[in-house]
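# Architecture at a glance
These are the residues of each chain, in order.
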Amino acid sequence: MSTHIHRSTQPLPSPSSAPTPPVVAWLGYGGLLPFLALAAVGLWAPGTPWWSAALLAYGAVILSFVGALHWGFAMAQSGMSAPERTRCFVWSVVPSLMAWPAMLLPPAAGFMLLIAGFAVHLVQDHRLAARTSLPAWYLPLRWRLTVTACACLAVGAWAASR
């Protein structure tokens with residue numbers, strides 16, 4: 001049995017040029033499908049009784065998920081000071097604390113609270129990226145996912161208030 005290891009002569013991509021890993025892109029963009037489908041139902045069949053509750057619930061779950069990313073970063077990022085790590089842990093639960101009441105509000109108000117949560121979380125992502133070494137693909141991906149999710153939630157707010 002040979003233990004020969006083949007080493008590529010191709011240079012590794014620099015962190016600034018590294019593309020989004022395919023599985024991350026598939027999962028991230030795939031996660032937008034429920035936002036897009038439910039917003040479409042809200043536009044074309046606003047009288048359908050379940051679409052706004054489904055969109056609110058999905059938005060709340062995803063907002064909680066992105067908050068949890070900061071918990072993971074706080075555990076994994078080396079070089080963070082203790083106060084920075086604490087701020088990261090504390091922030092990581094705030095999106096869930098915004099998502100939960102969003103589901104209890106009238107739909108249009110709930111959608112607006114979720115939009116605010118996603119926007120504030122994106123600001124927190126930028127603050128974290130300025131202090132740590134996140135992958136170069138992270139912020140561009142977060143921008144695209146956040147803008148699309150917020151646009152779908154805004155459609156939901158508009159459709160729910162008609």
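Not measured: the values here are computed from a predicted model.

### Things to note about a nonpolar patch on the surface
Side chains of Trp71, Met75, Val93 and Leu97 sit close together on the surface and give an oily, nonpolar patch of about 430 Å² of accessible area. For the nonpolar patch, the elements supplying multiple residues, two or more each, are helix H3 (51–76) and helix H4 (82–102). Turning to its location among the elements, Leu97 is positioned in helix H4. On the basis of relative accessibility, which here comes to 57%, the residue Leu97 falls in the exposed class.

### Looking at the nonpolar core
Counting 35 residues, the largest nonpolar core has Phe35, Leu55, Leu63, Phe111, Leu114, Phe118 and Leu153 as its most contacted members. The element contributing the most residues to this core is helix H6 (residues 138–160), with 10 residues.

### Concerning the environment of Pro135
Relative to the helices and strands, Pro135 resides in the loop between helix H5 (107–131) and H6. On the basis of relative accessible area, Pro135 is assigned to the partly exposed category, the value being 36%. Measuring from C-alpha to C-alpha, the distance between Pro135 and Ala18 comes to 8.1 Å, with 117 residues separating the pair along the chain.

### Overview of the pattern of salt bridges
On inspection of all chains with the given rule, the structure shows two salt bridges. Close ionic contact of Glu84 with Arg131 constitutes a salt bridge, the shortest N to O distance being 3.5 Å. With Glu84 in helix H4 and Arg131 in helix H5, the pair connects residues that are 47 residues apart, well separated along the chain. Overall, Arg131 belongs to the partly exposed group, its relative accessible area being 32%. Among the ionic pairs, Arg142 bridges to Asp125, the shortest N-O distance being 2.8 Å. Placement of Arg142 in helix H6 and of Asp125 in helix H5 is noted, with a sequence separation of 17 residues between them.

The rules behind the values
- Residues numbered from 1 in each chain as written.
- Predicted model: local features only at pLDDT ≥ 70, side-chain atom pairs only at ≥ 80, totals over all residues.
- Heavy atoms only, no water.
- Patch = residues over 30% accessible without salt bridge, like charges linked within 9 Å, V, L, I, M, F, W, Y side chains within 5 Å.
- Areas by Shrake-Rupley, 256 points an atom, 1.4 Å probe, with all protein chains shown as cover.
- Salt bridge = Lys/Arg side-chain N within 4 Å of Asp/Glu carboxyl O.
- Helix = DSSP H or I, 4+ residues; strand = E, 2+ residues; numbered from the N terminus.
- Buried < 20%, exposed > 50% of the residue type's maximum accessible area, 1.4 Å probe, protein only.
- Core = buried A, V, L, I, M, F, W, Y, C linked by side-chain atoms within 4.5 Å.

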